[in-house]
Amino acid sequence: FGYRVCQREHRDSLVAFERYADDDGDGTRELVRVWWGTGTVGSYLKHPTQGKTQLFRREVSWGELVDIFHNPRVHTDHGYQRTQHLQQQQQRQQQQWEQ
């Protein structure tokens, strides 16, 4: 798949893998984090129109994990996505709420 291990945290049951994709010619980093204790997998990618995104899937099977390593953008129907824009919007709303 072209990934290398870039993080291990036994305390959090976490292992992370990275590779550099050259789909758009800029060598963008793709990061896949696997929390083996909970079966959660997070993909950290650059979306063509949304910018930096995070896609989390829960209760991932071994077959789905293989699919994610083949294509970290794949959807499993039991996850959620966070974009940088959404995170900024949530931060602004929180700041307004605190005023």
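Structure: see above.
Overview of the structure. (Residues numbered from 1 in each chain as written. Predicted model: local features only at pLDDT ≥ 70, side-chain atom pairs only at ≥ 80, totals over all residues. Heavy atoms only, no water.)

Things to note about the side chain of Glu-64
For step 1, the next point in the chain: Relative to the helices and strands, Glu-64 is located in helix α1 (residues 62-70).
For step 2, the next point in the chain: In this structure, Glu-64 is buried with no salt-bridge partner, the nearest side chain bearing the opposite charge being Arg-57 at 8.3 Å.
For step 3, the next point in the chain: Within the local environment of Glu-64, its side chain forms a polar contact with the backbone nitrogen of Ser-61, the two atoms lying 2.9 Å apart. (Helix = DSSP H or I, 4+ residues; strand = E, 2+ residues; numbered from the N terminus. Buried < 20%, exposed > 50% of the residue type's maximum accessible area, 1.4 Å probe, protein only. Lys, Arg positive; Asp, Glu negative; His and termini not counted. Salt bridge = Lys/Arg side-chain N within 4 Å of Asp/Glu carboxyl O. Polar contact = N/O pair within 3.5 Å; in protein donor to acceptor, adjacent residues only side chain to side chain.)

Quick look at the nonpolar core
For step 1, the next point in the chain: Of all hydrophobic cores here, the largest spans ten residues; its members are Tyr-3, Val-15, Phe-17, Val-32, Val-34, Val-41, Val-60, Leu-65, Ile-68 and Phe-69.
For step 2, the next point in the chain: Per-element tally for this core: the top contributor is α1, with three residues.
For step 3, the next point in the chain: Ignoring anything within four residues of it in the chain, the contact list for Val-32 reads Tyr-3, Val-15, Ala-16, Phe-17, Val-41, Gly-42, Ser-43, Ile-68, Phe-69 and Pro-72. (Core = buried A, V, L, I, M, F, W, Y, C linked by side-chain atoms within 4.5 Å. Contact = heavy atoms within 4.5 Å.)

Regarding the pattern of salt bridges
For step 1, the next point in the chain: Enumeration according to the criterion identifies five salt bridges in this entry.
For step 2, the next point in the chain: Here Glu-9 ties to Arg-11 by a salt bridge, and the two come within 3.1 Å at their closest N and O atoms.
For step 3, the next point in the chain: With a relative accessible area of 24%, Glu-9 lands in the partly exposed category.
For step 4, the next point in the chain: You can call Arg-11 exposed: its relative accessible area is 71%.
For step 5, the next point in the chain: In this structure, Arg-19 engages Glu-30 in a salt bridge whose closest nitrogen and oxygen atoms are separated by 2.7 Å. Residue Arg-19 is found in strand β2 (residues 14-21), and its partner Glu-30 is found in strand β3 (residues 28-35); the two are separated by eleven residues along the sequence.
For step 6, the next point in the chain: Taking the relative accessible area as the measure of exposure, Glu-30 reaches 5% and is therefore buried.
For step 7, the next point in the chain: Taken together, the salt bridges that share partners define one network made up of Arg-4, Glu-18 and Arg-29.

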